[in-house]
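# Notes for the structure review
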Amino acid sequence: MAIEVRVPTILRSYTGGAKVVEGSGDTLSGLIDDLDAKHNGLKGRLITPEGGLHRFVNIYLNDEDVRFLGALDAKVADGDSITILPAVAGGALGFAAAAALLGR
Amino acid sequence: MTPGVPAVGTATPGRAKSHGNVRHVLTIDSAILDAIVAHARRDHPDEACGVVAGPAGSDLPTRLIPMDNAARSMTFYEFDSIEQLRVWREMDDNDEEPVIIYHSHTATEAYPSRTDISFAGEPGAHYLLVSTREPDSTEIRSFRIVDNVVTEEEVNIVDATVDA
């Protein structure tokens, strides 16, 4: 058993084109470390240098946004399914103001 | 290769562009475009946003999915993350992909902002922008945004590419 991770098009350059990869870990943070060991560079697209979840992606644990489950501390287990999607956002507002508005 | 038959994706003048979106053209049915503009007008002065799905690999936008702007803002839009998951899964189940991601600017031109470029995460999609700043005329422009590089493309409006 493992944790299934669905990877969006924009990040498939890190997975050799694979749409679904597998990993393991007890928390989302641990899972991402495991994925990064196999797919070097993936972590940098999911986690900021400050150690928070990147605002450009949404990560879901089964049917829930991990931001509502403790973010990187969210507990994961074999049989869970993780989905990564590009966050769809934008608008006329300047980037810094948009980031502040999003609060992340 | 059959001699005399142009391969898809070549710059051969003439017939190649009539179906699908070869390189820098967005081909869109006028009824779908009208519905996008109506959505943008309805939500004005807030920004409106949505997706047009199409069969995977076809580059043809066929199914309009207006999305909620979770930010409900005049200067920012954001898909609700749970609604997005549902819609993306539905597209996956239907063997579709997001062919167009659209949103409106309500006080500025229909050109991608720095924020739009930073967030653009679907390299295969056409980013359609609609400006509703003028009450009587609507500016509509389409772009590819890949690795922070913006390329404007032609918008080819057609009638009934898809049988009713």
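Summarised in this report is the structure supplied together with it. Throughout this document, residue positions are counted from 1 along each chain, in the order its sequence is written. Whichever chain is written first is A, and whichever ligand is written first is 1; the rest continue in order. Only residues with pLDDT of 70 or above have their local features reported here, since the model is predicted, and side-chain atom pairs are shown and tallied only from 80 upward, although totals for entire chains, interfaces and linings are computed over all residues. Side-chain numbers here rest on the full set of heavy atoms in the structure, without hydrogens or water.

## What to know about the nonpolar core
Of all hydrophobic cores here, the largest spans 23 residues; its most connected members are Val51(B), Met67(B), Phe79(B), Trp88(B) and Ile101(B). Mapped by element, the contributors of at least two residues to this core are strand 2 (49-55), strand 3 (63-67), helix 2 (81-93), strand 6 (126-131) and strand 7 (139-146) of chain B. The secondary structure listing takes helices from DSSP runs of H or I that are at least 4 residues long and strands from runs of E that are at least 2 residues long, numbered from the N terminus. Among the elements that line this core, the one with the most residues is helix 2 of chain B, at four residues. Between two residues, a contact is recorded if the distance between any of their heavy atoms is within 4.5 Å. If we ignore the near neighbours within four places in the chain, the residues touching Ile101(B) are Val88(A), Gly50(B), Tyr77(B), Phe79(B), Glu122(B), Ala125(B), His126(B), Tyr127(B) and Leu128(B). Core analysis: the second largest hydrophobic core is formed by 22 residues, Val5(A), Leu11(A), Leu31(A) and Ile84(A) among them. Nine residue types can take part in a nonpolar core, namely buried Ala, Val, Leu, Ile, Met, Phe, Trp, Tyr and Cys, and a core is a set of them joined through side-chain atoms within 4.5 Å. Think of it in three bands: residues with accessible area under 20% of the maximum for their type are buried, residues over 50% are exposed, and the middle band is partly exposed, with areas taken using a 1.4 Å probe on protein chains only.

## Considering helix 2 of chain B
A helix is expected to span 1.5 Å for every residue after the first. Helix length check: helix 2 of chain B (13 residues) gives 18 Å between terminal C-alpha atoms against 18 Å at 1.5 Å per residue, within 8%. Positive backbone phi, approximately 55°, marks Asp95(B), located one or two places after helix 2 of chain B.

## What about the sheet that holds strand 6 of chain B?
Whenever strands of a sheet pair, they do so through backbone hydrogen bonds, lying parallel or antiparallel. Residues and elements named next belong to chain B. We call two strands paired when DSSP finds no fewer than two bridges between them. Read across the sheet, seven strands follow the order 1-8-7-6-5-2-3 without closing on themselves; strand pairing throughout is mixed. In the strand order of this sheet, the two ends are held by strand 1 (25-29) and strand 3, each with one partner. Pairwise comparison of adjacent strand axes, ignoring direction, gives a mean angle of 30° for this sheet. Where strand 6 and strand 7 come together, five bridges link them in antiparallel fashion. Residue pairing across strands places Tyr127 opposite Phe143, the latter belonging to strand 7. The strands that helix 2 touches are strand 2, strand 3 and strand 5 (96-105); relative to strand 3, the one it contacts most, it runs at about 170°. Only the stretch in contact is used when a helix axis is fitted, and all axes are lines through C-alpha atoms; the angle between N-to-C directions ranges over 0 to 180 degrees.

## Some remarks on the packing of aromatic side chains
Ring pairs shown here join Phe, Tyr and Trp side chains whose ring centres sit within 6.5 Å, with only the six-membered ring taken for Trp; geometry is labelled stacked below 30 degrees between planes, edge-to-face above 60, and tilted in between. All chains considered together, the criterion is met by four aromatic pairs over all chains. Measuring from centroid to centroid gives 4.9 Å for Phe56(A) and Phe119(B), while their planes differ by 70°, and the two rings are edge-to-face. You can see Phe56(A) sitting in the loop between helix 2 (42-46) and strand 3 (57-61) and its partner Phe119(B) sitting in helix 3 (residues 114-119), one on each of two chains. Judged by relative accessible area, which is 22%, Phe56(A) ranks as partly exposed. An aromatic cluster of at least three residues, connected via ring pairs, comprises Tyr77(B), Phe79(B) and Trp88(B). In this analysis the charged atom, NZ for Lys or CZ for Arg, is taken to sit over a ring once it is within 6 Å of the ring centre and within 35 degrees of the ring normal. A cation over a ring is seen here: Arg55(A) above Phe56(A), with NZ or CZ 5.9 Å from the ring centre.

## Digging into the interface of chain B and chain A
Opposite the 26 residues of chain B that make contact, chain A presents 28 residues. By definition, the buried area sums, over both parts, the 1.4 Å-probe accessible area that each loses when the two are put together. Between chain B and chain A lies a buried interface of about 2,500 Å² when both sides are counted; carbon and sulfur atoms form 60% of it. Taken as a group, Phe76(B), Leu85(B) and Phe119(B) account for 25% of the area that chain B buries against chain A, more than any other trio of residues on that side. What makes a salt bridge here is a side-chain nitrogen of Lys or Arg within 4 Å of a carboxyl oxygen of Asp or Glu, nothing more. Counting across the interface, chain B meets chain A through three salt bridges. Lys19(A) serves as the salt-bridge partner of Asp92(B), at 3.4 Å between the closest nitrogen and oxygen.

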